[in-house]
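Next come the chains, spelled out residue by residue.
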Amino acid sequence: MSVVVLDFGSQYTRLIARRVRELQAYSVIMPGTAAVEEIRTHRPRAIILSGGPASVFDPQAPQPDPRIFDLGLPILGICYGMQYLAQHFGGLVVRTGRREYGRALLTRHEGRLFAGLTGEVQAWMSHSDTVTEPPPSWRTVAATKENPVAAIESPDIRYFGVQFHPEVVHTRTNVLENFLRTAEVPRDWTPGETLDRLIREVREQVGEHRVLLGLSGGVDSSALALLLTRAEVDHAAILVDHGLLRFGEREEVERLLRPLGVNLISVDASKRFLNALTGVLDPEEKRKVIGREFIAVFEEKAREMGEYHFLAQGTLYPDVIESAGGESAGAAVIKSHHNVGALPKDLKFEILEPFRYLFKDEVREIARLLGLPDSIRLRHPFPGPGLAIRILGEATPERLQILRRADDIFIRALKDWGIYGEVWQALAVLTTVRSVGVVGDERHYGYVLALRAVTSVDGMTADWVRLPADLLNEVAEQITRRVPEIGRVVYDITSKPPGTIEWE
């Protein structure tokens, strides 16, 4: 039994599936235009229509197979999904000429979708078209000051629509849980079942072939190494030191993972990568260069070690959607990830990405079940391109050394203060800006370093951490004293959106 999420191009579609999983119901995502025959193969108990960038007025707007209404299943439409339901059943949808984006308050809410809620409730809006009249016999069950038709319900209480996004953390409703309860969806999905499914899928996909794993030492690739081991797949875990790792990271990875039985092979390719990055300033080009060199190193290593058919990577879904690599056409490219959007077209491996549709916290749960120590499992995310995208402009050996020392001071301070575990991701960014200062009695012209720390659940949205002023003061003093090339330290207080977590 499953909840089928039909994807119409929303960058929040995976969040819908993830929220459903958090509520212990199994979910599967399918293209919005999937045929009913395909949908039936997943034994659906309910269907959710996602949001998306299209307008119901567009001639080419994606639409679900109309036969889904013959299945007799409860259906929830979110944003674009609600507008489609309203139009399909004879309601009125209009172009407002403006976009409603951000927080709104539900001043009125009733019916099964909103059971258990009282008072004004915060919801997250992101739309330009609006339902102004529900279909005949349907009723409006929620409203905001700006939007009198914020949610609708069919007379048989089978179909529902919400104009807001119940899947994002900014929305404070229990709409998804109430929908699952109304649809009588089984609530028996667990991380253990996910792990069993991943093992089965890896075995089926790989068969008797051999697998090379790109190992960074972070939770994703480390958990993948243990997953391949549990699945009894013939593999080798290759740690490529591209010269863009954090302070002492290669040695730490070797020390922690080899005792776990990981077949770890280290390759020092730092000179190769840094030479390839010489003169490269654009962040997208950096990713492409790093992706190209990664594959070249793996291909060379594979030739040395014998034939390998698969290249395994710890790619997560936020990487995929930011690179517009999901099923949905029309998703915007925010930034290419070196292991998603920047792989060469003549790749000689078949890609194996078991975690491609999981979020970071889900992988951490899988890692826990696989026995990965917390020292690795709970590490902050670190991008595959490494420090290259935390240096604005050219990533030179000199600037890398500067950033490594400063970043190490920041991370150590967070751990010393007992705050590291409360932060989703913390990092330092070396900017191209230089600032005048005074050291002793002399004029000093040093780099400006930016510190960033955010909290998040899934990496899709994030808020900046209100770090103690004394901690920031301590870090700034240590950095400017111990890393003399840095003359000024600033703290980034931008949330996501509008910013991304990384600067490049």
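Data block above holds the structure.
Keep in mind that what you see is a predicted model, and the values were worked out from it rather than measured.

Caption draft 1: Region of interest: the environment of Ala428. Relative to the assigned elements, Ala428 resides in strand β15 (residues 425–439). Placed 181 residues apart in sequence, Ala428 and Phe247 show a C-alpha to C-alpha distance of 12 Å. Ignoring sequence-local partners within four residues, the contact set of Ala428 consists of Arg390, Leu403, Asp407, Leu449, Ala450 and Leu451.

Caption draft 2: Molecular detail of the packing of aromatic side chains. Enumeration over the complete set of coordinates arrives at eleven aromatic pairs. Pairing Phe114 with Phe164 gives two aromatic rings, centres 6.3 Å apart and planes at 55 degrees, and the pair type is tilted. One end of the pair, Phe114, is in the loop between β5 (92–109) and β6 (121–133); the other, Phe164, is in the loop between β9 (159–162) and α4 (175–182), with 50 residues separating them in the sequence. Phe164 matches Phe114 in its accessibility class, with the two residues each being buried. The rings of Phe69, Tyr84, Phe89, Trp138 and Tyr159 are connected pair by pair, giving a single aromatic cluster.

Caption draft 3: A look at the layout of surface pockets. Approximately 490 Å³ is the volume found for the second largest pocket. As for the second largest pocket, its lining consists of 21 residues, and the residues nearest its centre are Arg197, Leu198, Glu201, Pro354 and Tyr357. Of all the elements in the fold, those that place two or more residues in the lining of the second largest pocket are α1 (13–22), β2 (27–31), α5 (191–206) and β14 (350–352). The class makeup of the residues in the lining of the second largest pocket is ten nonpolar, four polar and seven charged.

Caption draft 4: Just the nonpolar core, in detail. Core analysis: the largest hydrophobic core is formed by 51 residues, its most contacted members being Leu212, Leu414, Leu449 and Ile479. The greatest single-element share of this core, amounting to nine residues, is contributed by helix α13 (residues 397–416). Other than its neighbours up to four places away in sequence, Ile479 contacts Ala406, Ile409, Leu449, Leu451, Ile486 and Val489. In this structure, Leu195, Ala237, Ala367 and Leu370 belong to the second largest nonpolar core, which totals 36 residues.

Caption draft 5: Here's a closer look at the pattern of salt bridges. Tallied over the entire structure, the rule returns 35 salt bridges. Here Asp65 and Arg67 are joined by a salt bridge, their closest N and O atoms 2.7 Å apart. Its relative accessible area of 11% is what places Asp65 among the buried residues. For Arg67, a relative accessible area of 35% puts it in the partly exposed group.

Caption draft 6: Fine view of unusual backbone geometry. Cis geometry is adopted by the peptide bond preceding Pro497, which originates at Lys496 and carries an omega value of -10 degrees. Tracing the backbone through its elements, the reader meets Pro497 in the segment after β18 (486–491). Following Pro497, the chain continues into Pro498 via a peptide bond in cis, with omega recorded as 15 degrees. Looking at the element boundaries, Pro498 is found in the segment after β18. Positive phi outside glycine occurs at Arg43, with the angle close to 50 degrees. Inspection of the secondary structure puts Arg43 in the loop between α2 (36–40) and β3 (44–49). On the basis of relative accessible area, Arg43 is assigned to the exposed category, the value being 52%. The residue Ile157 is not glycine, and still its phi comes out positive at about 55 degrees. On the secondary structure map, Ile157 appears in the loop between β8 (151–153) and β9. Overall, Ile157 belongs to the partly exposed group, its relative accessible area being 28%.

Reading the values: the criteria
- Residues numbered from 1 in each chain as written.
- Predicted model: local features only at pLDDT ≥ 70, side-chain atom pairs only at ≥ 80, totals over all residues.
- Heavy atoms only, no water.
- Helix = DSSP H or I, 4+ residues; strand = E, 2+ residues; numbered from the N terminus.
- Contact = heavy atoms within 4.5 Å.
- Phe/Tyr/Trp six-rings, centres within 6.5 Å; stacked < 30°, edge-to-face > 60°.
- Buried < 20%, exposed > 50% of the residue type's maximum accessible area, 1.4 Å probe, protein only.
- 1 Å grid on protein atoms, 1.4 Å probe; cavity = no way out; pocket = protein on both sides within 12 Å on 5 of 7 lines; lining within 4 Å.
- Points joined across faces, edges and corners; volume = space filled by probe spheres on them.
- Nonpolar A, V, L, I, M, F, W, Y, C, P; charged D, E, K, R; others polar.
- Core = buried A, V, L, I, M, F, W, Y, C linked by side-chain atoms within 4.5 Å.
- Salt bridge = Lys/Arg side-chain N within 4 Å of Asp/Glu carboxyl O.

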